[in-house]
Amino acid sequence: MAIKYWFSARGQHGIKESRSLMRAPYGLELIENCVACPHREDRLFCNLSPAAVQRLAAITSPSSYPKAATLFVEGQAPRGVFILCNGRVKLSTSSADGKTLILRIAEPGEVLGLPATITGKPYELTADVVEPTQVNFIPRAEFLNFLREHGEAALRVAQQLGETYHAAVAEMRTIGLSHSARGKLASFLLEWSADHAPENGQVNVRLTLTHEEIAQMIGASRETVTRLFSDFKKKQLLQVKGSTFVIRDKAGLERMMES
């Protein structure tokens with residue numbers, strides 16, 4: 001059943017106002033108003049002063065996307081930034097012969113396309129939607145003016161760029177320094193589940209990536225990932241139920257990281 005939400009239109013002074021009840025596509029509970037966003041205090045870029053958030057609300061355009069939609073493509077001239085409100089987006093790069101490497105999965109609250117938008121150089125990655133997603137788009141010129149007007153927002157952008165850098169280094173460390181595909185997959189599963197609290201000694205995590213996408217993240221083949229999942233299940237390290245996996249032996253997976 002579709003979820004209903006308040007549709008917001010730009011009112012006086014460019015501030016969005018609730019007008020009518022609409023149906024959200026893809027089953028999303030859309031966030032139409034940055035000022036009233038329930039996640040403002042939890043997200044790096046959104047947790048700004050009231051004046052900055054009101055200005056942000058005036059220059060953003062919300063959109064929703066289905067799974068497998070593309071926000072921008074590697075090599076494309078930067079149109080602006082995409083604030084990820086709901087859902088997840090995979091960021092990848094491809095070689096001339098068609099090989100793809102997924103660098104990371106972006107989470108709600110992140111601002112996508114930052115480096116290209118700030119420098120004016122082409123997008124360095126491709127952004128594909130992993131699950132139904134809402135993003136708020138800000139054109140490049142308006143975003144740069146926003147940063148000039150609000151120093152606190154510019155500082156938050158610098159913080160996110162720093163966090164992105166550290167995440168990229170961590171990914172390279174996982175791919176480059178792990179001794180085996182087994183260790184890389186174990187590291188990936190532990191990292192993916194890091195924010196989930198255990199229940200009765202087990203961790204239940206929803207995994208929206210295919211085996212092919214996981215392979216692209218850890219630098220392995222799809223066949224290897226499928227074989228390792230089967231091996232982990234036989235060793236009682238985890239259990240897979242559709243799109244959910246259950247970590248039954250976290251210590252065992254941590255030992256696999258060293259293999």
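Residues numbered from 1 in each chain as written. Predicted model: local features only at pLDDT ≥ 70, side-chain atom pairs only at ≥ 80, totals over all residues. Heavy atoms only, no water.

Let's talk about the sheet that holds strand β11 (residues 203–206)
Part 1 of the reasoning: Ordered by their spatial adjacency, 3 strands build an open sheet running β11-β13-β12, and the pairing between neighbours is antiparallel. In the strand order of this sheet, the two ends are held by β11 and β12 (238–241), each with one partner. This sheet shows a mean twist of 20° between the axes of neighbouring strands, independent of strand direction.
Part 2 of the reasoning: Judged from the 4 bridges that link them, β11 and strand β13 (residues 244–247) form a sheet pairing that is antiparallel. In the sheet register, R206 faces β13, and the bridge partner there is T244.
Part 3 of the reasoning: Packed on one face of the sheet, helix α5 (residues 181–192) meets β11, β12 and β13 and runs near 100° to β13. (Pairing = 2+ DSSP bridges. Helix = DSSP H or I, 4+ residues; strand = E, 2+ residues; numbered from the N terminus. Axes fitted to C-alpha atoms, helices over the stretch in contact; angles between N-to-C directions. Contact = heavy atoms within 4.5 Å.)

Quick look at helix α3 (residues 140–149)
Part 1 of the reasoning: All of the buried residues along α3 are F143, L144, F146 and L147. The buried residues of α3 occupy one face: seen down the axis, they fall within an arc of 155°. Residues A141 and R148 are exposed on α3 and point more than 90 degrees away from its buried face. (Buried < 20%, exposed > 50% of the residue type's maximum accessible area, 1.4 Å probe, protein only. Arc of directions from axis to C-beta.)

Comments concerning the pattern of salt bridges
Part 1 of the reasoning: Under the counting rule described, the total for this entry stands at 8 salt bridges.
Part 2 of the reasoning: In this structure, R88 engages E107 in a salt bridge whose closest nitrogen and oxygen atoms are separated by 3.1 Å. On the criterion of sequence distance, the pair formed by R88 in the loop between β5 (80–86) and β6 (89–94) and E107 in the loop between β7 (100–106) and β8 (111–112) is long-range, its members being 19 residues apart.
Part 3 of the reasoning: Judged by its relative accessible area of 14%, R88 is buried.
Part 4 of the reasoning: Look at E107 and you get partly exposed, because its relative accessible area is 30%.
Part 5 of the reasoning: Where D231 meets R182, a salt bridge forms, and the shortest distance between an N and an O atom there is 2.4 Å. Placement of D231 in helix α7 (residues 222–234) and of R182 in helix α5 is noted, with a sequence separation of 49 residues between them.
Part 6 of the reasoning: Classification of D231 by relative accessible area gives buried; the value is 17%.
Part 7 of the reasoning: Judged by relative accessible area, R182 falls into the partly exposed class, the value being 24%. (Salt bridge = Lys/Arg side-chain N within 4 Å of Asp/Glu carboxyl O.)

Overview of the confidence of the model for the protein chain
Part 1 of the reasoning: Mean pLDDT over the protein chain stands at 80; residues scoring 70 or higher make up 79%.
Part 2 of the reasoning: Within the model, the stretch residues 1–23 combines pLDDT values under 50 with 56 contacts to residues more than four positions away or in other chains. (pLDDT = per-residue confidence, 0-100.)

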